[in-house]
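# Architecture and fold: a report
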There are 2 protein chains.
Amino acid sequence: MTASESARSVVRHSQLVKVRPERRDEYLALHAAVWPQVEATLTASNFTNYTIFIHDDLLISYFEYAGDDYAADLERIAADPVTRKWWTHTDPCQTPVDGAPEGAIWVDAREVWHLT
Amino acid sequence: MTASESARSVVRHSQLVKVRPERRDEYLALHAAVWPQVEATLTASNFTNYTIFIHDDLLISYFEYAGDDYAADLERIAADPVTRKWWTHTDPCQTPVDGAPEGAIWVDAREVWHLT
């Protein structure tokens, strides 16, 4: 581990959502070219090392939150008009997994173990 | 991005498997204290930033492979007698997700998008 890595203090997240089968191609096409402002807003909001994976109709995200006020950063993302426009494209592609809270799209999984 | 991070060349993986509900507590207890030799073997085999998450009966892993011969490193892990012993505890807790190849336990999801 380098000095710069050891200085990182992040909270790891993995989230789940299902893609609607009839919208799968549309979702993949959107994510082959995510809008630069959407990515810039995530970066400005302390979301780092963010990856989305797919298996069958399950979407799996992993990201590291490097800020110190997650709720405020979520609000910052939701206040960005370009991100809100992006969501009008992605939301119709997605449907919650079982166990998601009412109104949620992505649901957080819980960390069990971590190897640095 | 720091110079040390830009120098990293990793392949990101996310894998899925289900925990058998009757073995869930056993699985979580094992992962609250993973054997040091199991972790050391992963590290020696170029597995980094490895995390396992859980949602309902789904286990989700994320790791970054930093070596240059993934097949050889998988063989190195499978050749470690302590890891093989560990697997005699963990394998009975797990059952493959739909779509897993014959004989596989964890199945690889496919990367859709990444934000550095």
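Rules of the game
- Numbers given to residues run from 1 along each chain, matching the order in which its sequence is written.
- Whichever chain is written first becomes A and whichever ligand is written first becomes 1, with later ones labelled in order.
- Local features in this predicted model are restricted to residues whose pLDDT is 70 or higher, and side-chain atom pairs enter the listing and the counts only when it is 80 or higher, whereas totals over whole chains, interfaces and linings include all residues.
- Side-chain metrics rest on all non-hydrogen atoms present in the structure, leaving aside hydrogens and water.
- A run of DSSP states H or I qualifies as a helix once it reaches four residues; a run of E qualifies as a strand once it reaches two. Both are numbered from the N-terminal end.
- Burial classes: relative accessible area under 20% of the type maximum marks a residue as buried, over 50% as exposed, and values in between as partly exposed (1.4 Å probe, protein chains only).
- The contact definition used throughout considers only heavy atoms, calling two residues in contact when any of these lie within 4.5 Å.
- Here the open area of atoms and residues is found with the Shrake-Rupley method and a 1.4 Å probe, where only the protein chains shown may cover a residue.
- We count Lys and Arg on the positive side and Asp and Glu on the negative side, and we leave His and both chain ends out.
- For the purpose of locating charges, the reference atoms are NZ of Lys, CZ of Arg, CG of Asp and CD of Glu.
- Note: buried area is the sum, over both parts, of the accessible area (probe 1.4 Å) each one loses when the two are combined.
- Salt bridges are defined as contacts in which a side-chain nitrogen from Lys or Arg sits within 4 Å of a carboxyl oxygen from Asp or Glu.
- We call two N or O atoms a polar contact when they sit within 3.5 Å, provided that within protein one can donate a hydrogen and the other can accept it, with sequence-adjacent residues counted only if both atoms are side-chain atoms.
- The pairing criterion is simple: DSSP has to find at least two bridges between the two strands.
- Note on definitions: angles span 0 to 180 degrees between N-to-C directions of axes, and those axes are lines fitted to C-alpha atoms, for helices only across the stretch in contact.
- Here the word oblique covers every angle except those under 35 degrees (roughly parallel), over 145 (roughly antiparallel) and from 65 to 115 (roughly perpendicular).
- Classification used: nonpolar for Ala, Val, Leu, Ile, Met, Phe, Trp, Tyr, Cys and Pro, charged for Asp, Glu, Lys and Arg, polar for all others including Gly.
- In this comparison the copies share one frame, found by least squares on the C-alpha atoms of residues holding pLDDT of at least 70 in both.

### A closer look at the overall build of chain A
Helices and strands together make up the secondary structure of chain A, namely five helices and six strands. Secondary structure elements of chain A occur, N-terminal to C-terminal, as α-β-α-α-β-β-α-α-β-β-β. Taking all 116 residues of chain A together, the buried fraction comes to 39%. A separation threshold of at least 6 residues defines the contact pool for chain A, and within that pool the share at least 24 residues apart is 71%. Carbon together with sulfur atoms contributes 52% to the accessible area of chain A, which is approximately 5,900 Å² in total. With 10 positive and 18 negative side-chain charges, chain A shows a spacing of 2 Å between the two charge centroids.

### Quick notes on the interface of chain A and chain B
Interface size is often expressed as the accessible area that is lost when the parts come together. Residue-level contacts link 43 residues of chain A with 42 residues of chain B. Across the chain A to chain B interface the summed buried area is about 3,600 Å²; carbon plus sulfur atoms make up 63%. Joining chain A to chain B, the criterion identifies zero salt bridges. The interface formed by chain A and chain B contains 20 residue pairs in polar contact (both at pLDDT 80 or more). Among the elements of the structure, α1 (3-6), β1 (11-19), α2 (24-31), α3 (36-44), β2 (47-55), β3 (58-65), β5 (107-108) and β6 (110-115) of chain A are those that each provide at least two residues to the side of chain A that touches chain B. In terms of residue count, the dominant contributor to the side of chain A that touches chain B is β2(A) (nine residues). Direction of pairing for β2(A) relative to strand β6 (residues 110-115) of chain B: antiparallel, over a ladder of five bridges.

### Considerations on the packing of α2(A) against helix α5 (residues 81-90) of chain A
Residue and element names in this part refer to chain A. Viewed as axis vectors pointing N to C, α2 and α5 meet at an angle of 150 degrees, and their least axial separation amounts to 10 Å. With respect to α5, the axis of α2 lies roughly antiparallel. Facing Glu26, Leu30 and His31 of α2, the residues of α5 in contact are Trp86, His89 and Thr90. Residue classes in the contact of α2 with α5 are distributed as two nonpolar, three polar and one charged.

### Here's the deal with the relation of the copies chain A and chain B
Superposing chain A onto chain B requires a rotation of 180 degrees together with a translation of 0.0 Å along the rotation axis, leaving an RMSD of 0.0 Å. Here the symmetry operator amounts to a two-fold rotation axis. When the interface residues of chain A are mapped onto chain B, 98% of them again lie at the interface, so the same face is used by both copies.

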